[in-house]
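# Topology and contacts: notes
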Amino acid sequence: MGTQAEAFSAELHENIEALQTMMGHSVDFVFRILTISDNRRAGLFYLEGMIDIQTMQDHIIRPLMDRTREHEITTEYIKDRVVEVGNVTLAYSISDALEQVIAGSLLILIDGSSEGLLLAIEGWEERAVTESTTQSVVRGPQNAFTERLRTNTTLVRRRVRDMRVRLANVTVGSMTKTDVAVMYMSGIAEEELVEQLLEKLRSIKQDAILEGEYLEELITERKRQTIFPTFFNTDRPDVIAAGIMEGKIALFIDGTPFVVMAPAFFTDFLQTPEDYYQSYFYSNLIRLLRYISLAICMLAPAIYISLTTFHQDMLPTQLLLSLAAQREGVPFPAFIEAFIMEVIFEILREAGIRMPRTIGQAVSIVGSIVIGQAAVEAGIVSAAMVIVVAITAIASFVIPSYTMSITIRMLRFAFMIIASIFGVYGLTVGIIVLIIHLCGIHSFGKPYMSPVAPYKKSAQTDALIRYPFRSRTK
Amino acid sequence: MNKKRAALLLLACLTVPLLTGCFNSKELNQLSVALAMGIDTVDGDYMVSVQLVDPSQMSKNKVPDRSPTTVHSETCSTVFECVRKMTTKTSREIYFSHLQMLIFDEETARKGIKEPLDVLFRDPEIRPDFQLAVVKNKQAKDVLEFVTATELLPALEMFKSLKVSEKLWAPTSSVNVLELLRGFELDGRNPVITGMTLSGDMKKGKSLQNVKQPHVPANFHYTGIGMFRQDRLVGWMNEDESKAYTYIMNRVTSTAGLVNCPHSDNKFIAEVTHSHVKIKAHIEDGKPKGSLHAMVTANVGEVECDVNLSDEKVFLELEEHVSYELKDILERGVRKAQKYKADVFGFGEAFHRKYPKHWRQWKDDWEEMFSELPVEIKVDYKLEKMGQIISPIDPKTNRED
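The rules we used
Residue numbers restart at each chain and count upward from 1, following the sequence in its written direction. In the order they appear in the text, chains get letters beginning with A and ligands get numbers beginning with 1. Where local features are concerned, this predicted model is filtered to residues with pLDDT of at least 70; where side-chain atom pairs are given and counted, the filter is 80 or more; whole-chain, interface and lining totals use all residues. Side-chain measures were taken over the full set of non-hydrogen atoms in the model, leaving aside hydrogen atoms and water. The helix and strand labels rest on DSSP assignments: H or I over at least four residues marks a helix, E over at least two residues marks a strand, and numbering proceeds from the N terminus. Each residue is placed in one exposure class: buried if its accessible area under a 1.4 Å probe, protein chains only, is under 20% of its type's maximum, exposed if it is over 50%, and partly exposed if it falls in between. Whether two residues are in contact is decided by their heavy atoms: any pair within 4.5 Å suffices. Positive residues here are Lys and Arg, negative ones are Asp and Glu, while His and the chain termini are left out of the count. To locate a charge, the coordinates of NZ of Lys, CZ of Arg, CG of Asp or CD of Glu are taken. For patch detection, residues must exceed 30% relative accessible area and be free of salt bridges, and they are connected within 9 Å for like charges or within 5 Å for nonpolar side chains (Val, Leu, Ile, Met, Phe, Trp, Tyr). Here, Shrake-Rupley sampling with a 1.4 Å probe gives the accessible areas, and only protein chains in the shown set may cover a residue. Any Lys or Arg side-chain nitrogen located within 4 Å of an Asp or Glu carboxyl oxygen qualifies as a salt bridge. Here a pair means two rings of Phe, Tyr or Trp (six-membered ring of Trp) with centres within 6.5 Å. Their orientation is stacked below 30 degrees between planes, edge-to-face above 60, and tilted elsewhere. We call a charge positioned over a ring when the NZ of a Lys or the CZ of an Arg lies within 6 Å of the ring centre and within 35 degrees of the ring normal. Only strands that DSSP links by at least two bridges are regarded as paired with each other. Two parts lose some accessible area (1.4 Å probe) when they are put together, and adding that loss for both gives the buried area. Each residue is assigned to one of three groups, with Ala, Val, Leu, Ile, Met, Phe, Trp, Tyr, Cys and Pro labelled nonpolar, Asp, Glu, Lys and Arg labelled charged, and all others, Gly among them, labelled polar. Domains are outlined according to an automatic or database domain assignment.

## Structural notes on the overall build of chain B
A count of helices and strands for chain B gives 13 helices and 14 strands. Counting across all 401 residues of chain B, residues that qualify as buried make up 51%. Considering only intrachain contacts with a sequence separation of at least 6, the fraction spanning at least 24 residues in chain B is 72%. Charge-centre separation for chain B: the mean point of 54 positive side chains lies 7 Å from the mean point of 58 negative side chains.

## Looking at a positive patch on the surface
Residue and element names in this part refer to chain A. On the surface, Arg148, Arg150, Arg157 and Arg166 cluster together to form a positively charged patch. Position of Arg166 relative to the elements: it lies in strand 6 (residues 165-172). Judged by relative accessible area, Arg166 falls into the partly exposed class, the value being 34%.

## Points about the packing of aromatic side chains
The final tally for this structure, using the stated rule, is 20 aromatic pairs over all chains. Seen from their ring centres, B:Phe351 and B:Tyr355 are 6.3 Å apart, and the 35° between their planes marks the pair as tilted. Taken as a pair, B:Phe351 and B:Tyr355 share a single burial class, namely buried. An aromatic cluster of three or more residues is present, and its members are A:Phe228, A:Phe232, A:Phe266, A:Phe269 and A:Tyr448. Stacked on the ring of B:Trp236, the Lys or Arg B:Lys136 has its end atom at 4.4 Å from the ring centre.

## What about the environment of B:His72?
Residues and elements named next belong to chain B. One can find His72 in strand 3 (residues 69-76). When the C-alpha positions of His72 and Ile377 are compared, they lie 49 Å apart, and in sequence the two are 305 residues distant. What His72 contacts, discounting residues up to four positions off in sequence, is Val48, Ser49, Val50, Leu52, Met86, Lys89 and Thr90.

## Some details on the pairing of strand 9 (residues 249-253) of chain A
Residue and element names in this part refer to chain A. Burial analysis of strand 9 places five of its five residues in the buried class, the great majority of the element. Burial along strand 9 is two-sided: Ile249, Leu251 and Ile253 facing one way and Ala250 and Phe252 facing the other are all buried. Here strand 7 (residues 178-185) pairs with strand 9 via four bridges, running antiparallel. When the bridges of strand 9 are listed, Val182 appears paired with Leu251. Two strands pair when backbone bridges link them, and strand 9 and strand 10 (residues 259-262) are joined in this way by three bridges, in the antiparallel orientation. Looking at strand 10, one finds that Ala250 is bridged to Met261. In sequence, strand 9 turns back onto strand 10 through a hairpin of five residues, with Gly255 there showing a positive phi of about 100°.

## Some words on the interface of chain B and chain A
Of the residues lining the interface, 31 residues belong to chain B; the matching set on chain A comes to 25 residues. Summed over both partners, the interface of chain B with chain A buries about 2,300 Å², with 65% contributed by carbon and sulfur atoms. Counting every contact that joins chain B to chain A gives two salt bridges. For B:Glu27, the salt bridge identified is with A:Arg327, shortest N-O distance 3.4 Å. The set of elements that each furnish at least two residues to the side of chain B that touches chain A consists of helix 1 (2-15), strand 1 (31-42) and helix 6 (154-168) of chain B. Sorting elements by how many residues they give to the side of chain B that touches chain A places strand 1 of chain B first, with three residues. Counted by class, the side of chain B that touches chain A contains 17 nonpolar, eight polar and six charged residues.

## Thoughts on the pattern of salt bridges
Residue and element names in this part refer to chain B. Here the structure, examined in full by the defined rule, presents 44 salt bridges over all chains. Note that Glu125 and Lys26 form a salt bridge whose closest N and O atoms lie 3.3 Å from each other. With Glu125 in the loop between helix 4 (114-122) and strand 6 (131-135) and Lys26 in the loop between helix 1 and strand 1, this pair connects stretches of sequence that are 99 residues apart. Owing to a relative accessible area of 22%, Glu125 belongs among the partly exposed residues under this scheme. On the basis of relative accessibility, which here comes to 15%, the residue Lys26 falls in the buried class.

## Digging into the domain arrangement of chain A
Accessible area lost when the parts come together is the quantity often used to give the size of an interface. According to the domain assignment, chain A contains domain 1 (4-120), domain 2 (149-264) and domain 3 (277-447). Just the C-alpha atoms count here: the centres of domain 1 of chain A and domain 3 of chain A sit 62 Å apart.

Structure (structure tokens):
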């Protein structure tokens, strides 16, 4: 450890030696020796691909090589008078300097000087701002976050031109040293929550932070853990902009286009940005549809199981006879039948997500033929069950938040098991328990079911239904 | 340790659905749905017949030449015993929740239906919303074995036919088992059950041949209403008298009233659109007296006689005529019920409500009192619309009115 904190030596070749040792002679660690005056040499050190080569050539190498100057060459002189770069700092120890080099700075060492110059000219290949692929809208802004933190914060800042927008930076992860930017609006967001969040972020001891989920899990206290998502994530800048104006806190994680937002309430997961870009009549109808879909996705197979195995008397006679006809010759109990179909569907879905796009069609054709038709014709499952599974599958796509839809899909299996043992009675108890659980959990200290439970009248303007904007003005 | 326990619990829960017969769960293909039940009396014992649905006949790719229903019969001293005994003949549990029709033969109905009905009320699995009928001159088993033309399932055809005719044809009156039960329990009202008959070639009627040609060799139809005293059938009302019953019970939603035209033998039909009959109780000189006040609105449905309807006098005459006809029907209906001492209209109930003190004295011999109860009948009949034409078409004269 001692050698790492070592200061630079005045001898350039010694420094080169030391840097090379520490970098383990990595091939992408490049150094270039320039003779900048008769008796002086300068070393330029950088990681290939991490810096902007154009800037280096035009604004660093060219001025350095300009032999017309007469002033004595010192590190100070080069910093102030020669290089044409904005962000320049001095470095005294090898390890500090290397850390910056890894992050994308250019290190300049002058022969005879034991100070290093760090020039922040990072520039790497970056994905351009494109359309959101996870939450697309028909009407409304189309651009989505990218992997670059600064681009992302800018996308939000450009939407909220208010001085109260604050950004705080925390570096998390001992290996990844991920930059996490916390954005909130001072005066609207609760300062206490912001402090708490920053505190928690600083205390995280992890090697790697690659995505928002890492933070979500690490921030949530163990005893408060739940199957429901308590953080909201999106790759849409307009959603984050709206969120921070409501007093939420956004976490931008460098390297991922998904920005995490807290506190998140249950109703947030059933809203889409397009709710606000369409007329409120339509938006509210669609919202209603989403709540129905959520119920279908969670309960349809369970209700089917409980009705056909426990409460045949609750079905209309004609429907019962038709279902009975379909079930003739099906060798499994309704629960097993439903379970098989749901698992097959989950397999198809997972395959659809992971497989290379080019063979996607093959899987969907096989899937639809195998589970849609062949299974029914072979008498392994009943046609009614295929309908039930299909409707749950489609309903699960209506839930706008992917994380919420995952939760609901998992709960579906739990409800199916309950239904197969206890019927509608069990379902009722199950739903009651679920609601109690929902009312008991908190997202970042705020009740999850807020503003429905606890009921807050002022917040109803955009909870279950969206009121017209006219009635929301203050 | 805690996690291990939770995992074990989860595992245990997961295995439960795999067990057979857990709780009262029944798969659909372990059930035989019973749609109709018939109760006959044979040598003092009950013969219980059950019409079961063959589910494979309900699907699209059914096997032809297989009957959609099967009928099983057992003879034993109680209904419950019979139902259980029937499992020796079927591979599946008989499921009674969807029972649509319960049919008695006349002998059982005259003997009393409380006994066989008890199990049907008591069993929580049976939904008390099935319809009842008493079959005249035939056994209930014959009804169940019948092959019907429109619906695949005879029980459903009978159920629907009862519902439709009740709505459009006043003489039929469907009786749901709950109403019957209420009739048993109510003070001062006797229950009724609709009657049904089978007609035609019964041998063909019980085979699929019944529906292999447009002409149906054998058919069933609802006719008349059976009056009960307590739980015993005492007599039948004919079609007109049944009509009186439906009018008085305010069950008429729409029906056709057939009347002779004034001054001719031709017919005239009034299509009733609205009807309300009030039963009132009075006491005159310490004696009970009942009255009926009918308010009926009707449209002109069909005119076969040669009258000029645009003439107000003629129209009013017609109105008076139908009014008189209805009064006659109501009178005959009441008289029939009085003859059998069966207060199916609920006059007793009206007295019970209005004169509870008197009722207590009369209660015990109300049946006798009802048979001699003077009933005053008043009819307000309104003919309203005449339809798209006014007077009947007369090809001979070309009237311009």
